[in-house]
Amino acid sequence: MTEADRARQDSRKTMMLEAPLPSVIARMAVPSIVSFLITSIYNLADTYFVSSLGTEATAAVSVNASLDQIIMMAGSMLAVGASSYIARLLGARRDEEASRTLSSAFFLAMGFGAAVMVLGLAFMGPMVRLLGATDTCAQYAADYAAYVLLVAPFMAANFVTTQCLRSEGSAVLAMVGMGFGGILNCFLDPLFIFYLDMEVKGASIATAISKLVSFAILIFPYVTGRSVLRLSLRRCRPTGVILGQIASVGSSSLFRNGLAVLSAIVLNNIAGGISDSVLAGIGVSTKVMMFPLGIILGFGTGFQPVAGFNWGAGRYDRVLESYRFSARVAAAGAAAMGLALAVFAGPLIALFAEADPAMREIGALCIRLQCLAPPVHS
């Protein structure tokens, strides 16, 4: 490690332990919020471009949102649990143990993603039916799922690398990794869908390429020694202590995402039994609501490493102060965003359902009903 690298690491530690908390949390949260917003944008970009192919194609992309959540389920549990423990370890200056935690979480996430990939590809037909695909959109759903499944190991690992970069104070690097892939996807979508005439399959390929690019960017600091943490297979030692610490914090994310997957599957199957318009409208409204929820999660992601780092350093006064500040800001912001989306629900859904009045009606209603949730999520 060079002197410049040591100086950067010392600067990060000083910032976490001594700088005014509102500015530290903002500095950590803004890149995270931007990352979540860009992710929301390219999720909506898929839906926007695919919507020109018809309601059935839009419904297929909506159904596959549950597949993304399944991949996210264990990946985010490992990411949230590992990043919290790593922040505490770094605050206590136990850098090598922090690197072992990162490596263990990373390769476990890759393994989970690989299992989802194999099972999904082997049982593609039953899987898309289980997720809620109807007779008219099942083939579209399978076309979209195929390429997403191929990159499932990298998608799961991306959660870990992103969160752990934030835990060491490198939120901007995490933003660049997620953001560049998201922006790339917005350009690749029209290229594959329209210019190459690949329709829904093209949207899936664009998403897969974007996820791989994000993976390459996010892993770069670890394998080149530019981060505080080190990532390697030999450091992958999922001991009882590491797994216990990851599970103690990350289990809440696992249960939350698990319930989200279950509720989405049930809702998709009920909606699909009515019409593709209802299924598509509900799916689009859920993706629109990712914007306020992404901002809330991004703000919370900025708070978490600050709290964890100071806890590990024994600065419990700063932990409490950071919680109080974050809770107040998140609650006020969530209420304001919910009100704004409720007012503009109609024009928003019309962007995706210009030729389908039924989809516009159900989509606008769903957005307004979901606007009750952001203050609770905060």
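All of these numbers come straight from a predicted model, not from anything done at the bench. (Residues numbered from 1 in each chain as written. Predicted model: local features only at pLDDT ≥ 70, side-chain atom pairs only at ≥ 80, totals over all residues. Heavy atoms only, no water.)

Trainee: Quick question: what am I supposed to make of the overall build of the protein chain here?
Mentor: Secondary structure assignment for the protein chain yields 16 helices and 0 strands. Overall, the C-alpha framework of the protein chain stretches about 60 × 45 × 35 Å when taken along its three principal axes. The burial tally for the protein chain puts 52% of its 378 residues in the buried class. A sequence separation of at least 24 residues applies to 82% of the contacts in the protein chain between residues at least 6 apart. Of the accessible surface of the protein chain, which amounts to about 15,800 Å², a share of 69% is contributed by carbon and sulfur atoms. Charge centroids of the protein chain, computed over 26 positive and 22 negative side chains, lie 13 Å from each other. (Helix = DSSP H or I, 4+ residues; strand = E, 2+ residues; numbered from the N terminus. Buried < 20%, exposed > 50% of the residue type's maximum accessible area, 1.4 Å probe, protein only. Contact = heavy atoms within 4.5 Å. Areas by Shrake-Rupley, 256 points an atom, 1.4 Å probe, with all protein chains shown as cover. Lys, Arg positive; Asp, Glu negative; His and termini not counted. Charge placed at Lys NZ, Arg CZ, Asp CG, Glu CD.)

Trainee: I keep staring at helix α6 (residues 138–150) and nothing clicks. Help me out?
Mentor: Residues separated by three or four positions in an α-helix point in the same direction, a consequence of the helix having 3.6 residues per turn. For α6, with 13 residues, the first-to-last C-alpha span of 19 Å sits near the 18 Å given by 1.5 Å per residue. Among the residues of α6, those classed as buried are A138, A141, A142, Y144, A145, V148 and L149. (Expected span 1.5 Å × (residues − 1).)

Trainee: Sorry, what's going on with the nonpolar core here?
Mentor: A general trend in soluble globular proteins is that nonpolar side chains are found buried together. Counting 95 residues, the largest nonpolar core has L67 and V160 as its most contacted members. Top contributing element to this core by residue count: helix α3 (residues 55–91), with 15 residues. Every residue in contact with L67, bar those within four places of it in the chain, is listed here: V116, M127, L131, A145, V148 and L149. (Core = buried A, V, L, I, M, F, W, Y, C linked by side-chain atoms within 4.5 Å.)

Trainee: I keep staring at the pattern of salt bridges and nothing clicks. Help me out?
Mentor: Any two side chains of opposite charge can pair, given that their charged atoms come close. Evaluated as defined, the whole model comprises 4 salt bridges. Between R235 and E96 there is a salt bridge, with the nearest N and O atoms lying 3.1 Å from each other. Linking R235 in the loop between α9 (199–223) and α10 (240–274) with E96 in helix α4 (residues 95–122), this pair joins segments that are 139 residues apart in sequence. According to the relative accessible area criterion, R235 is buried, its value standing at 13%. (Salt bridge = Lys/Arg side-chain N within 4 Å of Asp/Glu carboxyl O.)

Trainee: Help me understand the packing of α6 against α9 in this model?
Mentor: For any two helices packed against each other, the geometry is given by the interaxial angle and the distance between the axes. The geometry of α6 relative to α9 is characterised by a closest axis approach of 8 Å and an angle of 20° between their N-to-C directions. Between α6 and α9, the crossing angle belongs to the class labelled roughly parallel. Relative to α9, α6 is oriented so that their crossing is right-handed. For the pair formed by α6 and α9, the contact residues are Y140, D143, Y144, Y147 and V148 on the first element and E199, V200, K201, A203, S204, I205, T207 and A208 on the second. (Axes fitted to C-alpha atoms, helices over the stretch in contact; angles between N-to-C directions. Parallel < 35°, antiparallel > 145°, perpendicular 65-115°, else oblique. Left-handed = near helix turned anticlockwise from the far one by under 90°.)

Trainee: Before we go on, may I ask you to explain the confidence of the model for the protein chain in this structure?
Mentor: Here the protein chain averages 82 in pLDDT, while 94% of its residues score no lower than 70. Taken element by element, the protein chain is modelled with least confidence in helix α16 (residues 374–377), mean pLDDT 64, and with most confidence in α4, mean pLDDT 90. (pLDDT = per-residue confidence, 0-100.)

Trainee: Before we go on, may I ask you to explain the environment of G125 in this structure?
Mentor: Following the sequence through the fold, G125 ends up in helix α5 (residues 124–131). Residue class for G125 comes out partly exposed when judged on its relative accessible area of 39%.

Trainee: Can you walk me through the packing of aromatic side chains in this structure?
Mentor: Any two aromatic rings considered together are summarised by their centre-to-centre distance and by the angle between their planes. Counted under the stated rule, the structure contains 7 aromatic pairs. Seen in terms of ring centroids, F154 and F215 are 4.9 Å apart; in terms of plane orientation they differ by 75°. Their pairing is edge-to-face. With F154 in helix α7 (residues 152–167) and F215 in helix α9, this pair connects stretches of sequence that are 61 residues apart. The exposure class assigned to F154 is partly exposed, which follows from its relative accessible area of 25%. Here the aromatic cluster, defined as three or more aromatic residues joined through ring pairs, consists of F106, F107, F154 and F215. (Phe/Tyr/Trp six-rings, centres within 6.5 Å; stacked < 30°, edge-to-face > 60°.)

Trainee: Help me understand the side chain of S104, please; the structure alone is not making it clear to me.
Mentor: The residue S104 is located in helix α4 in this model. Among the polar contacts listed, one links the side chain of S104 to the backbone oxygen of R100, at a separation of 2.8 Å. A polar contact of 3.0 Å, which involves the side chain of S104, links it to the backbone nitrogen of R237. Excluding residues that lie within four positions of it along the chain, S104 makes contacts with R235, C236, R237, P238 and I242. (Polar contact = N/O pair within 3.5 Å; in protein donor to acceptor, adjacent residues only side chain to side chain.)

Trainee: What am I meant to see in the environment of S253 here?
Mentor: Its place among the elements puts S253 in helix α10. You can call S253 buried: its relative accessible area is 2%. Setting aside anything within four residues of it in sequence, one finds S253 in contact with S76, M77 and V80.

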